[in-house]
There are 2 protein chains.
Amino acid sequence: MQMKNHIKIKNSLFVLLLSACTLFGQKTIEKWKVFETTLNGPTDGNPFKEVQLSARFVGGGDTISVSGFYDGDGVYKIRFMPQQEGKWDYVTTSNVKKLNHKKGSFVCTPATKDNRGPVAVVDTFYFAYADGTPHHSFGTTCYGWVHQGDSLAEVTLKTLSKGYFNKIRMCIFPKSYDWNNNEPLYYPFEGTPLKNWDYSRLNPAFFRNIEKRIAQLDSLGIEADLIVFHPYDRWGFSALDRETENMYIDYIIARFAAFRNVWWSMANEYDFMRNKKLSDWDYYIEKFAKKDPFHHLIGIHNGVRFYDHTNPHLTHASIQNEDTYRAKELRMKYKKPVVFDECRYEGNIPWSWGNLTAQALTEKFWRGITNGGYVGHGDTYVTEDPIQFPDESSDVLWWSKGGVLRGESPERIKFLRGILEKAPPQMKPIPLFTWMPFSCIGIEHEYYLGYLNDAQPRSIVIDLPKDALYRVDVIDTWDMTITPMQKKFSGRSLIELPEKPYIAIRIIKQ
Amino acid sequence: MQMKNHIKIKNSLFVLLLSACTLFGQKTIEKWKVFETTLNGPTDGNPFKEVQLSARFVGGGDTISVSGFYDGDGVYKIRFMPQQEGKWDYVTTSNVKKLNHKKGSFVCTPATKDNRGPVAVVDTFYFAYADGTPHHSFGTTCYGWVHQGDSLAEVTLKTLSKGYFNKIRMCIFPKSYDWNNNEPLYYPFEGTPLKNWDYSRLNPAFFRNIEKRIAQLDSLGIEADLIVFHPYDRWGFSALDRETENMYIDYIIARFAAFRNVWWSMANEYDFMRNKKLSDWDYYIEKFAKKDPFHHLIGIHNGVRFYDHTNPHLTHASIQNEDTYRAKELRMKYKKPVVFDECRYEGNIPWSWGNLTAQALTEKFWRGITNGGYVGHGDTYVTEDPIQFPDESSDVLWWSKGGVLRGESPERIKFLRGILEKAPPQMKPIPLFTWMPFSCIGIEHEYYLGYLNDAQPRSIVIDLPKDALYRVDVIDTWDMTITPMQKKFSGRSLIELPEKPYIAIRIIKQ
């Protein structure tokens, strides 16, 4: 059963992802897609420990070295994401003769539609794809979805295909927690929970399964925010030794870094991992920054204590905190994009981080974004009746395993995402409203997107520039309506409002 | 017209408030009510500046000196609130022979029903009436209601008689601000706005009007939280000199302090008064503490910067801040009762401090109280259509002038007040819930009142003491229902909930 899956995965990887083909006798690969070459090598000894393999790629004026990895059964692979069009040549280096000095070449062809490349930070506070398209990050969280097997994963992917989100936070190691108490499909190391793990040998099937999911996410335009470590563990994976962790990290960089949609999240709730000190985290952050040949985004998510996101190797501030309006303050503190990856989830579970109303989570999105940040979603609805203590429940919660969304916030989040994607890029906080805590982002004199939280003003007075006329749209963020006002405004303006909560105002220069 | 009112006021004062009568030839006055004696003295010169008058009251082992005051027309008065039953003797001292060495006596009789005496601080964090009854402070704000004349004041008093509130914040000086732009009924000084004020002469009619309102509030069981200074002024009363301010304060202490329901609020938004330094505020705070013979409560309300409420003369921390859940933190910081006198108001005006939904204000009450604080109300609904800029509007808003309440929070506040008045006194914050930000107050092992904010859990797990059985009531704070659960609970308990926001839980030992 596992072997059949294995073969299917290999096929789909080749067809869907690698997208390499041969043109006039020359291998080609599209810019920002995965070039992969396979070599056969030794199976004896411990290939994970004893075989060193790397390759140097030269093309478009760049020279980039990448590590290879052992995929089991005597198969060694090297993956590469070309970021320059044109011809690339490569040559391998290995301590094994059979793998050493292998040469090859390919042509990197232009990106085609929907291939916008990896996301990076631009202009201090923003994200953009490599082709320049702004990336308005709308993340969700499914910690253990990759460990649940194909049938549930297919449902999850179908849900994700609805366009609510463009990023997903997901654990590499399996998770052990309420509503996450089943055994995972695969384990990352050789061995089983009933006998001691062989921490010197990784399990390629485990990682192959994850990269299948990374590729499927990519085909949906979704960034895979891979959580490298997390505290919710009953197998020992949260307390490995430095040598094993280094091997694991080298391996995931070699396997996953060629996928353009990978983000590295050092941890979920780093401060809840008792076996790691701040210096350990700094060490691994620096390791990713130095070893990842493609320089994917690097973040670290907190439990209660924010990490020092001024660390220059961290590309953005990944925050758990419910006060998303603090984005404005935190972006100035860290001088980086601020992503509220967790601000409590929509749901109905007993734990307060998972029982927001849809209104409250939608509000947190709007407040975070109109304060210059990015906000993430989660869905934690239990449906079983009567409710048992969580660890006795077999409910599938989106946040834990994926499946279907039960909340009402995703439609509103998608509505907001649509507004942002039509807005000018790189809007910044603007004090449009006299009175806090209302917030606004925009481009001075051109475009304003303001939000009035759960307030219910009958009208609002704003000072617009006097030298232009502005169209004002009243946005009901809950009912998802956009109502243009008949009148055009200029200077001190009194805007009449529907006297209900969750109203936003969009102001566009005419 | 003014004279007629004047006479009516005097009559009603005598009948309703002073409640002094003669019993077997001996004047009697009920404990905690106002004893008043009237003397005739000079009208020439400037009685406010030139006449000194005080009286020493001896009774029940106490000796208390009070200042008299000039009431105009040659009438001088001395007021006294006896706090000990039995015979009291008094003798006056004055620099005017006609007022000097006047003697008298009265008998202080026991308090009758509903007369619980003045409110004071008990056990660091709480308020209680002098008879020991807890005072759960439920305040509202009508800054300028006393300056609007009788017809509107009668409507205000009728509204207040509905039992929503037991304290009202009100300005002594008239207020000039949006929706408060009419001229007041009286001015505190001689003169008119069109010529210079004579700051050396107070206007007794102005203060007589206020004490009429204080007495009417008292008859409704409502504390009068008198705001001594405030910044919203177009007449000059926010920038008097020290001598004039001292005269004014001496006068209000002499006139008002004998009313049991008086609280002194040094300021509304002290930090918005540009003409006063912190040392000025400290001076006046100390003056009230030393000069008020009846030691009424003393607070000072902030705009954006909390006063240093550790000042030993401040009896409680009067706070303007929307985060009422901070009561728990602030009570530990200040070691005093924490009163969120302003946490934004229910309403629909453009300014964000006045456009909360009823749900949001009700939530702020519950969060503040279940974190060990007290919370205040305000109602800022405009009704005129179309809305004009505020200063063009003639709308009567409760917060500015009184009248009627338009919001939906008062009924919910009254519901909460009813719950607290049936609860044990002096409940303190208890970490009943594992997960913040839910909050709970209670008496360990006996009684718990917890609140789940706007969360919508389907159930909640709490650890109750194992050695007793508890009744659990699920309270819908919005629908105002209390539903006892059939089952009795002990130890680790799973409480099923209605999966909607604004739920509280009351747990009572059986």
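Draft legend 1. Main features of the overall build of chain A. Helix and strand counts for chain A stand at ten helices and 30 strands. Judged by the C-alpha coordinates and their principal axes, chain A covers about 80 × 60 × 40 Å. Classification of the 510 residues of chain A by burial places 62% in the buried group. Intrachain contacts of chain A at a sequence separation of at least 6 include 69% that bridge at least 24 residues. As displayed, chain A has an accessible area near 19700 Å², and 51% of this comes from carbon and sulfur atoms. The centroid of the 63 positive side-chain charges in chain A is displaced by 5 Å from the centroid of its 60 negative side-chain charges.

Draft legend 2. Broad picture of the nonpolar core. In this structure, Phe 57, Phe 256 and Trp 264 of chain B are the most contacted members of the largest nonpolar core, which totals 117 residues. Examining the composition of this core, we find that eight residues originate from one element, helix 5 (residues 242-256) of chain B, more than from any other. When neighbours within four sequence positions are excluded, Phe 57 of chain B is seen to be in contact with Phe 35, Asp 62, Thr 63, Ile 64, Val 66, Ile 78, Phe 80, Trp 88, Asp 89, Tyr 90 and Phe 106 of chain B. In terms of nonpolar packing, the next biggest core, distinct from the first, is built from 116 residues, Ala 317, Ile 419, Tyr 451 and Ile 475 of chain A among them.

Draft legend 3. Broad picture of the relation of the copies chain B and chain A. Of the transformation superimposing chain B on chain A, the axial component is 0.0 Å and the angular component is 180°, with the fit at an RMSD of 0.0 Å. What we have between these two chains is a two-fold relation. When the interface residues of chain B are mapped onto chain A, 98% of them again fall at the interface, so both copies present the same face.

Draft legend 4. The arrangement of the pairing of strand 10 (residues 126-129) of chain B in detail. Residues and elements named next belong to chain B. Burial along strand 10 is two-sided: the residues Tyr 126 and Ala 128 and Phe 127 and Tyr 129 are all buried. As paired strands, strand 9 (residues 119-122) and strand 10 are joined by four bridges and run antiparallel to one another. Among the inter-strand pairings, Val 119 is bridged to a residue of strand 10, identified as Tyr 129. A loop of three residues connects strand 9 with strand 10, the two strands running antiparallel in sequence, and Asp 123 in this loop sits at a positive phi of about 45°.

Draft legend 5. Expanded view of the sheet that holds strand 12 (residues 167-171) of chain B. Residues and elements named next belong to chain B. Spatially, eight strands are ordered 17-16-15-12-11-21-19-18 in an open sheet, and the strand pairing comes out parallel. Of all strands in the sheet, those bounded by a partner on one side alone are strand 17 (298-299) and strand 18 (317-320). Each of strand 15 (223-229), strand 16 (262-267) and strand 17 touches helix 6 (residues 278-291); the most contacted strand, strand 16, lies at about 165° to it. Running over the sheet, helix 7 (residues 327-334) touches strand 18 and strand 19 (338-342) and is turned about 125° from strand 19.

Draft legend 6. Structural context of the interface of chain B and chain A. Taken together, the 43 residues of chain B in the interface contact 42 residues of chain A. Of the roughly 3300 Å² buried between chain B and chain A, counting both surfaces, carbon and sulfur atoms make up 56%. Applying the counting criterion to the chain B and chain A interface returns zero salt bridges. Viewed at the interface, chain A and chain B are joined by 14 residue pairs in polar contact (both at pLDDT 80 or more). Within the residue set of the side of chain B that touches chain A, elements represented by two or more residues are strand 20 (346-347), helix 8 (358-369), strand 26 (459-463) and strand 29 (492-496) of chain B. No other element matches strand 29 of chain B, which puts four residues into the side of chain B that touches chain A.

Draft legend 7. Structural view of helix 10 (residues 409-422) of chain B. End to end, helix 10 of chain B covers 20 Å across 14 residues, agreeing with the expected 20 Å (1.5 Å per residue, within 8%). Buried within helix 10 of chain B are the following residues: Ser 409, Pro 410, Arg 412, Ile 413, Phe 415, Leu 416, Arg 417, Ile 419 and Leu 420 of chain B.

Draft legend 8. Region of interest: the packing of aromatic side chains. Residue and element names in this part refer to chain A. For the structure shown, the criterion picks out 94 aromatic pairs over all chains. A centroid spacing of 5.4 Å and a plane angle of 25° characterise the contact between Trp 366 and Tyr 451, whose relative ring orientation is stacked. Highlighted residues: Trp 366 in helix 8 (residues 358-369) and Tyr 451 in strand 25 (residues 447-451), separated in sequence by 85 residues. Of the two residues, Trp 366 and Tyr 451, both sit in the buried class. The aromatic ring of Tyr 283 is capped on one face by Arg 242, whose charged end is 3.8 Å from the ring centroid. Over the face of the ring belonging to Phe 125 we find Arg 331, whose NZ or CZ atom lies 4.0 Å from the ring centre.

Draft legend 9. A look at the confidence of the model for chain A. Residue and element names in this part refer to chain A. Taken over all residues, the pLDDT of chain A has a mean of 93, while the share at 70 or more is 93%. Counting contacts from residues 1-19, a segment whose pLDDT is below 50, to residues more than four positions away or on other chains yields 27 contacts. If you check the scores for this complex, the pTM reads 0.89 and the ipTM reads 0.83.

Draft legend 10. A look at helix 8 of chain B. In this model, helix 8 of chain B (twelve residues) spans 17 Å end to end at C-alpha, consistent with the 16 Å of a helix rising 1.5 Å per residue. Within the span of helix 8 of chain B, buried status applies to Ala 358, Ala 360, Leu 361, Thr 362, Glu 363, Lys 364, Phe 365, Trp 366, Arg 367, Gly 368 and Ile 369 of chain B.

Draft legend 11. Geometry of the side chain of Gln 320 of chain B. Residue and element names in this part refer to chain B. Of note, Gln 320 is situated in strand 18. At 3.5 Å, the side chain of Gln 320 forms a polar contact with the side chain of Glu 342. Not counting residues within four places of it along the chain, the set of residues in contact with Gln 320 comprises Glu 269, His 301, Asn 302, Gly 303, Phe 306 and Glu 342.

Draft legend 12. Quick peek at the sheet that holds strand 18 (residues 317-320) of chain A. Residues and elements named next belong to chain A. With respect to topology, eight strands assemble into an open sheet ordered 17-16-15-12-11-21-19-18, the strand pairing being parallel. The outermost strands of the open sheet, each flanked by one partner alone, are strand 17 (298-299) and strand 18. Of the pairings in the sheet, the one linking strand 11 (residues 138-141) to strand 12 (residues 167-171) comprises three bridges and is parallel in character. Its bridge partner being in strand 12, Gly 139 is matched across the sheet by Lys 167. Helix-sheet contacts for helix 10 (residues 409-422) involve strand 11 and strand 21 (374-377), and the interaxial angle to strand 11 is about 155°.

Draft legend 13. Summary view of the packing of helix 3 (residues 150-160) of chain B against helix 4 (residues 204-219) of chain B. Residues and elements named next belong to chain B. Packing of helix 3 against helix 4 leaves a shortest axis separation of 11 Å and a crossing angle of 20°. In terms of orientation, helix 3 lies roughly parallel with respect to helix 4. In the crossing of helix 3 with helix 4, the sense of the turn from one axis to the other is right-handed. Judged by residue contacts, Asp 150, Ala 153, Glu 154, Leu 157 and Leu 160 of helix 3 engage Lys 212, Arg 213, Gln 216 and Leu 217 from helix 4.

Draft legend 14. Spatial organisation of the packing of helix 8 of chain A against helix 10 of chain A. Residues and elements named next belong to chain A. It is at 9 Å that the axes of helix 8 and helix 10 come closest, and there the two elements cross at 20°. Compared by their axis directions, helix 8 and helix 10 come out roughly parallel. As helix 8 packs across helix 10, the resulting crossing turns out to be right-handed. Taking contact as the criterion, the partners of Ala 358, Leu 361, Thr 362, Phe 365, Trp 366 and Ile 369 in helix 8 are, on helix 10, Ser 409, Arg 412, Ile 413, Leu 416, Ile 419 and Leu 420. Within the contact of helix 8 with helix 10, the residues separate by chemical class into nine nonpolar, two polar and one charged.

Draft legend 15. Structural context of the side chain of Asp 280 of chain B. Note on placement: Asp 280 of chain B falls in helix 6. Those residues in contact with Asp 280 of chain B that lie beyond four places of it in its chain are Arg 242 and Asn 275 of chain B.

Draft legend 16. Examining the pattern of salt bridges more closely. All names here are of chain B. Summed over the entire model, instances satisfying the criterion amount to 69 salt bridges over all chains. A salt bridge links Arg 213 to Asp 150; its shortest N-O distance comes to 2.6 Å. Separated by 63 residues along the polypeptide, Arg 213 in helix 4 and Asp 150 in helix 3 bring together distant segments of the chain. For Arg 213, a relative accessible area of 0% corresponds to the buried category.

Draft legend 17. Structural detail: the environment of Ile 78 of chain B. By secondary structure assignment, the location of Ile 78 of chain B is in strand 6 (residues 75-80). When the C-alpha atoms of Ile 78 of chain B and Ser 490 of chain B are compared, they prove to be 60 Å apart, with 412 residues separating the residues in sequence.

Draft legend 18. Inspection of the environment of Leu 157 of chain A at higher detail. Residue and element names in this part refer to chain A. Within the secondary structure layout, Leu 157 lies in helix 3 (residues 150-160). Spatially, the C-alpha atoms of Leu 157 and Gly 402 are 8.6 Å apart, while their sequence positions differ by 245 residues. Not counting chain neighbours up to four residues away, the residues in contact with Leu 157 comprise Trp 145, Arg 213, Gln 216, Leu 217 and Leu 220.

Draft legend 19. Representation of unusual backbone geometry within the structure. Residues and elements named next belong to chain A. Phi at Asp 73 takes a positive value of approximately 55°, unusual for a residue other than glycine. Along the chain, Asp 73 falls in the loop between strand 5 (62-70) and strand 6 (75-80). Non-glycine residue Trp 179 carries a positive phi angle of around 60°. Looking at the element boundaries, Trp 179 is found in the loop between strand 12 and strand 13 (189-190).

Cut-offs and rules
- Numbering of residues starts from 1 in every chain and runs along the sequence as written.
- Chains and ligands are labelled by the order in which they are written, letters from A for the one and numbers from 1 for the other.
- Side-chain atom pairs in this predicted model are given and counted only at pLDDT of 80 or more, local residue features only at pLDDT of at least 70, and totals for whole chains, interfaces and linings cover all residues.
- Each side-chain value is worked out from all heavy atoms of the structure, with water and hydrogens disregarded.
- Note on conventions: DSSP H or I runs of at least 4 residues are helices, E runs of at least 2 residues are strands, and numbering of each starts at the N terminus.
- Buried, partly exposed and exposed residues are distinguished by accessible area as a fraction of the type maximum, computed with a 1.4 Å probe on protein chains only: under 20%, between the cut-offs, and over 50%, respectively.
- Note on contacts: a residue pair is in contact if any heavy atoms of the two residues lie within 4.5 Å.
- With residues, only the protein chains shown are counted as cover, and all accessible areas are computed by Shrake-Rupley using a 1.4 Å probe.
- Only four residue types enter the charge count, namely Lys and Arg as positive and Asp and Glu as negative; His and the chain termini do not.
- A charge is said to be at NZ when it belongs to Lys, at CZ for Arg, at CG for Asp and at CD for Glu.
- Buried Ala, Val, Leu, Ile, Met, Phe, Trp, Tyr and Cys residues that are joined via side-chain atoms within 4.5 Å together make up what is termed a nonpolar core.
- In this comparison the copies share one frame, found by least squares on the C-alpha atoms of residues holding pLDDT of at least 70 in both.
- At least two bridges found by DSSP between two strands is the condition for calling them paired.
- Inter-axis angles, ranging from 0 to 180 degrees, are taken between N-to-C directions of lines fitted to C-alpha atoms, where helices are fitted over the stretch in contact.
- Accessible-area loss on putting two parts together, using a 1.4 Å probe and summing over both, is the definition of buried area adopted here.
- Salt bridge, as used here: a side-chain nitrogen of Lys or Arg that lies within 4 Å of a carboxyl oxygen of Asp or Glu.
- Each polar contact in these results corresponds to two N or O atoms within 3.5 Å; when the atoms are within protein, one needs to be able to donate a hydrogen and the other to accept it, and residues that are neighboring in sequence are counted only if both atoms are side-chain atoms.
- The length a helix should cover is 1.5 Å for every residue beyond the first.
- When two rings of Phe, Tyr or Trp (its six-membered ring) have centres within 6.5 Å they constitute a pair, described as stacked for plane angles under 30 degrees, edge-to-face for angles over 60, and tilted for the intermediate range.
- Think of it as a cone above the ring: NZ of Lys or CZ of Arg counts as a charge over the ring if it is within 6 Å of the ring centre and within 35 degrees of the ring normal.
- pLDDT expresses, on a scale from 0 to 100, how confident the predictor is about each individual residue.
- With respect to orientation, any angle under 35 degrees is reported as roughly parallel, any angle over 145 as roughly antiparallel, any angle of 65 to 115 as roughly perpendicular, and every other angle as oblique.
- Should the near helix be turned anticlockwise from the far one by less than a right angle, the crossing is left-handed, and should it be turned clockwise, the crossing is right-handed.
- Polar here means any residue outside two lists: the nonpolar Ala, Val, Leu, Ile, Met, Phe, Trp, Tyr, Cys and Pro, and the charged Asp, Glu, Lys and Arg; Gly therefore counts as polar.

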